[in-house]
Amino acid sequence: MAMLELRGVSKSYADTPVLRSVDLSVEPGELMFLLGPSGCGKSTLLRIVAGLIRQDSGSIVLNGRDVSGLPPEARDTPMVFQNYALWPHLDVAGNIEFGLKLRKLPREEIAKTTREMLSVVGMTEFAKRKVNELSGGQQQRVALARALALRGSILLLDEPLSNLDARLRDLMRSEIRRICKERGLTALYVTHDRREALSVGDRIAVMKVGGILQLGTPRTLYRRPATKFAAAFLGDADFLDAKCLASDGDGAVFETAAGKLRVKLDDQPVKPEPNAPYTLMFHPEAVHVDAPETAPNAIPCVVRDEVFLGETTVLTLESSGVTLHASEGAAPERIPGASIFCAVPPDAFTILPPETR
Ligand code: ADP
């Protein structure tokens, strides 16, 4: 049985639909991400699960219990907010204890759970510290510990790392995944940061205004996005307009402005028909720069620009008026204006229907 089941959840604000009949199922122990641009309805969906916003229609089933009409306190859905929402007048331990006291748990159990949670988030030595005397990262840990202490059916996280600097964000990502996995927690996590979703999530629901566009594991979504929007949101990507010339069981040949390209067909979202138009997507790290002229899908290019980023170098290349991008690790300096061949391996393309945005 799913830990969370959303069925046909809809919500409009002043006649503008934000969510149109959203279905989603989260399995026990799963870290499910809602990923999408600002304003697409992620937080609204999360708050509907928490009971903080009432859906216009549809139902929310938590651990087999229909909670659609219940208030937040009756739902068992602890939440971690973007701004932490800690109690400023309480110390660290006081913040963690707060919800447990409201539940009128025995004193010894509260003390034991609080000690355990402080240890889980590595904050034991800060138990008596006022929360406004903590760094952002430490406050975030307290907010997480406070939510974890409540042992809900599902942990809800609303952009919990967006107020942290980049280094701390990287650290907390793996911490959150470790803590959730060690404790077998189910979580629904909202972010607009693809790296967060790709690195922490078991599955990701890519959202666009109106609802969920595509659902899958990080690797599947990154490799085989179903639309241009999903591809561009999950990573850097180039798109080529293409016409299918021929297709057999194993591969297909496409005519593009960059020449004829062969595409492997094994796990494509679309089965190409000869003479029909498509869009071919590929990620820049799949491109082999300075490939031999005889390599499969070798494309003659001129180097237009080079951006050195340390661990990678991003090249802008031009081929017959088409702009392509390639990223290389440990690359030699490329001279703008130089003519080279680059090659995109046949299995690096994803075939998309042309009309997808
Ligand atoms: P996200 O979390 O993806 O950034 P939200 O769920 O916060 O998006 O918002 C989705 C859309 O609903 C946005 O266009 C936002 O402006 C609108 N919205 C959110 N809350 C309200 C509200 N209380 N009243 C009117 N519009 C709202």
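Residues numbered from 1 in each chain as written. Predicted model: local features only at pLDDT ≥ 70, side-chain atom pairs only at ≥ 80, totals over all residues. Heavy atoms only, no water.

## As for the domain arrangement of the protein chain
When the domains of the protein chain are assigned, the result is domain 1 (4-232) and domain 2 (236-352). For domain 1 versus domain 2, the separation of C-alpha centres amounts to 38 Å. Between domain 1 and domain 2, the buried area comes to about 1100 Å², and carbon and sulfur atoms account for 47% of it. Looking at the side of domain 1 facing domain 2, the largest losses of area belong to Tyr222, Arg224 and Lys228, adding up to 54% of the total buried there. Run the count over domain 1 and domain 2 and you get 3 salt bridges. Of the charged contacts, one joins Arg194 and Asp236 as a salt bridge, the two residues approaching to 3.7 Å between their closest N and O atoms. Where domain 1 packs against domain 2, one counts 8 residue pairs in polar contact (both at pLDDT 80 or more). Residue assignment for the side of domain 1 that touches domain 2 shows that the elements contributing at least two residues are α7 (218-223) and α8 (228-234). The dominant element in the side of domain 1 that touches domain 2, judged by the number of residues it contributes, is α8, at 3 residues. Taken together, the residues of the side of domain 1 that touches domain 2 break down into 5 nonpolar, 1 polar and 4 charged. (Domains from an automatic or database assignment. Buried area = accessible area lost by both parts, 1.4 Å probe. Salt bridge = Lys/Arg side-chain N within 4 Å of Asp/Glu carboxyl O. Polar contact = N/O pair within 3.5 Å; in protein donor to acceptor, adjacent residues only side chain to side chain. Helix = DSSP H or I, 4+ residues; strand = E, 2+ residues; numbered from the N terminus. Nonpolar A, V, L, I, M, F, W, Y, C, P; charged D, E, K, R; others polar.)

## Description of the packing of aromatic side chains
Under the defined criterion, the tally for this structure stands at 5 aromatic pairs. With a centroid separation of 4.8 Å and 45 degrees between ring planes, the pair formed by Trp87 and Phe98 is classed as tilted. With Trp87 in the loop between β6 (79-80) and α2 (92-102) and Phe98 in helix α2, the pair connects residues that are 11 residues apart, well separated along the chain. The interplanar angle of 90 degrees and the centroid separation of 6.0 Å between the aromatic rings of Phe254 and Tyr278 together place this pair among those described as edge-to-face. On the criterion of sequence distance, the pair formed by Phe254 in strand β12 (residues 251-256) and Tyr278 in strand β14 (residues 277-282) is long-range, its members being 24 residues apart. Of the two residues examined, Phe254 and Tyr278, each falls in the buried class. The residue whose ring lies beneath Lys208 is Phe229, and the NZ or CZ to ring-centre distance is 4.9 Å. (Phe/Tyr/Trp six-rings, centres within 6.5 Å; stacked < 30°, edge-to-face > 60°. Buried < 20%, exposed > 50% of the residue type's maximum accessible area, 1.4 Å probe, protein only. Lys NZ or Arg CZ within 6 Å of the ring centre and 35° of its normal.)

## Brief notes about the site of the ligand
Taken together, Tyr13, Val18, Pro37, Ser38, Gly39, Cys40, Gly41, Lys42, Ser43 and Thr44 make up the full set of residues adjacent to the ligand. Gly41 places a main-chain nitrogen or oxygen 3.0 Å from an oxygen atom of the ligand. Protein chains shield 52% of the accessible area of the ligand, which is 560 Å² for the free molecule. Counting residues per element, the shell around the ligand draws most heavily on helix α1 (residues 42-50), at 3 residues. Of the residues contributing to the shell around the ligand, the split by class is 4 nonpolar, 5 polar and 1 charged. (Near = heavy atom within 4 Å. Areas by Shrake-Rupley, 256 points an atom, 1.4 Å probe, with all protein chains shown as cover.)

## Some thoughts on the side chain of Thr44
Within the secondary structure layout, Thr44 lies in helix α1. Residue Thr44 is classed as buried on the basis of its relative accessible area of 11%. In this view, Thr44 contacts Lys11, Tyr13, Val18, Leu19 and Ile53; residues no more than four positions away in its chain are not counted. (Contact = heavy atoms within 4.5 Å.)

## Section: the nonpolar core
Ranked by size, the top nonpolar core spans 49 residues in total, and within it Ile96, Leu144, Leu148 and Leu155 carry the most contacts. Sorting elements by how many residues they give to this core places helix α4 (residues 136-149) first, with 7 residues. Ignoring any residue separated from it by four or fewer positions in sequence, one finds Leu148 in contact with Met117, Val120, Leu155, Ile179 and Leu185. Counting 30 residues, the second largest nonpolar core, distinct from the first, contains Cys244, Val263, Leu280 and Val322. (Core = buried A, V, L, I, M, F, W, Y, C linked by side-chain atoms within 4.5 Å.)

## Quick word on the confidence of the model for the protein chain
Per-residue confidence for the protein chain gives a mean pLDDT of 92; residues scoring 70 or more make up 99%. Highest mean pLDDT in the protein chain belongs to strand β3 (residues 31-35) (98); lowest belongs to helix α5 (residues 166-182) (85). (pLDDT = per-residue confidence, 0-100.)

## Some words on empty space enclosed by the protein
Here the structure, examined in full by the defined rule, presents 1 cavity of 30 Å³ or more. For the largest cavity, the calculated volume is near 60 Å³. Lining the largest cavity, in full, are Pro78, Ala147, Leu148, Arg151, Gly152, Ile154, Leu155, Leu185 and Thr186. (1 Å grid on protein atoms, 1.4 Å probe; cavity = no way out; pocket = protein on both sides within 12 Å on 5 of 7 lines; lining within 4 Å. Points joined across faces, edges and corners; volume = space filled by probe spheres on them.)

## Considerations on the layout of surface pockets
As a volume, the largest pocket reaches approximately 600 Å³. Taken together, 18 residues form the lining of the largest pocket, with Glu73, Thr77, Pro78, Met79 and Leu150 sitting closest to its centre. Every element with two or more residues in the lining of the largest pocket is listed here: α2 and α4. No other element matches the 4 residues that α2 contributes to the lining of the largest pocket. Of the pockets and cavities examined, the second largest pocket occupies roughly 410 Å³.

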